Amino acid sequence: MSGEEEENAAELKIGDEFLKAKCLMNCEVSLILEHKYEQLQQMSEDPMNQMSQVFEKSLQYVKRFSRYKNPDSVRQVREILSRYQLAEFELCVLGNLCPETVEEAIAMVPSIKNRGRALDDDAIEKMLNDLSLVKKFE
C-alpha cells in the first residue's frame, strides 16, 4: 500500500469522504421515496408508467426493511442517536439494525467502544432503551 491506512469499519477507518458524508437510515429513505411516489401519483393517472424499475425496487426494499414507519418516530430515532456523538455511519447502522442488547450493538458497530469517546455499557443500554420505547409506541 502507498502509505494509506487500510479501511476498517470496526475502527471507523472508512475514509474521509465517507466520514463526512450524510448517511440516511432506511426509514428516512422510505419517507423520501414515498413522498416522491405521491408526487408521481398526482402528476400522472398511471404513476407506474413514470416510475423506473430501480425506483420501484428501492421503495420496496426500504419499506420492507424500515424499522420505523411513522415520520415522528423517524425524527425521534435520529434525535436519540445524535445525542451520543455517533458518526453518521454508526448512527445509521444502529438505526437500521435496531440491536436489542449492548453486546449486539457492539458486535454490529465495534467502533462505539473503540474510539476515543467510547461509550460505556450503561450509555449504550440507555440509548437502546430509548430506541425500544420509540418502537414500542409507534
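Here, the structure is the one placed above.
It should be emphasised that the depicted structure is a prediction, and the values quoted were computed from it without experimental measurement.

Here the focus is the state of the cysteines. Here the structure, examined in full by the defined rule, presents zero disulfides. C92 forms no disulfide, and the closest cysteine sulfur to it belongs to C23, at a distance of 4.9 Å. For C92, a relative accessible area of 5% gives the class buried. Here C98 is not disulfide-linked; the sulfur of C27 is the nearest cysteine sulfur, at 7.9 Å. In this structure C98 comes out as buried when scored by relative accessible area, which is 19%.

The next point concerns helix α5 (residues 71–82). With twelve residues, α5 extends 17 Å from end C-alpha to end C-alpha; this agrees with the ideal 16 Å at 1.5 Å per step. Along α5, the positions that sit buried rather than exposed are S73, V74, V77, R78, I80 and L81. Here the buried residues of α5 occupy an arc of 160° about the axis, which is enough to place them on one side. The inward-facing, buried residues of α5 abut α2 (26–43), α6 (88–97) and α9 (121–136). You can read the cap of α5 off the contacts: a side-chain oxygen lies 2.7 Å from the backbone nitrogen of D72, and it is on N70.

Let us look at the nonpolar core. Residues Y68, L81, L86, I124 and M127 are the most contacted members of the largest nonpolar core, which totals 26 residues. Elements with a minimum of two residues in this core: α5, α6, α7 (102–108) and α9. Per-element tally for this core: the top contributor is α9, with six residues. When residues no more than four places from it in sequence are discounted, the contact partners of Y68 are C27, S73, V74, V77, G95, C98, L131, V134, K135 and E138. Ranked by size, the runner-up nonpolar core spans six residues in total, among them L33, M51, L59 and V62.

Cut-off values and rules
- Residues numbered from 1 in each chain as written.
- Predicted model: local features only at pLDDT ≥ 70, side-chain atom pairs only at ≥ 80, totals over all residues.
- Heavy atoms only, no water.
- Disulfide = S-S within 2.5 Å.
- Buried < 20%, exposed > 50% of the residue type's maximum accessible area, 1.4 Å probe, protein only.
- Helix = DSSP H or I, 4+ residues; strand = E, 2+ residues; numbered from the N terminus.
- Expected span 1.5 Å × (residues − 1).
- Arc of directions from axis to C-beta.
- Contact = heavy atoms within 4.5 Å.
- Polar contact = N/O pair within 3.5 Å; in protein donor to acceptor, adjacent residues only side chain to side chain.
- Core = buried A, V, L, I, M, F, W, Y, C linked by side-chain atoms within 4.5 Å.

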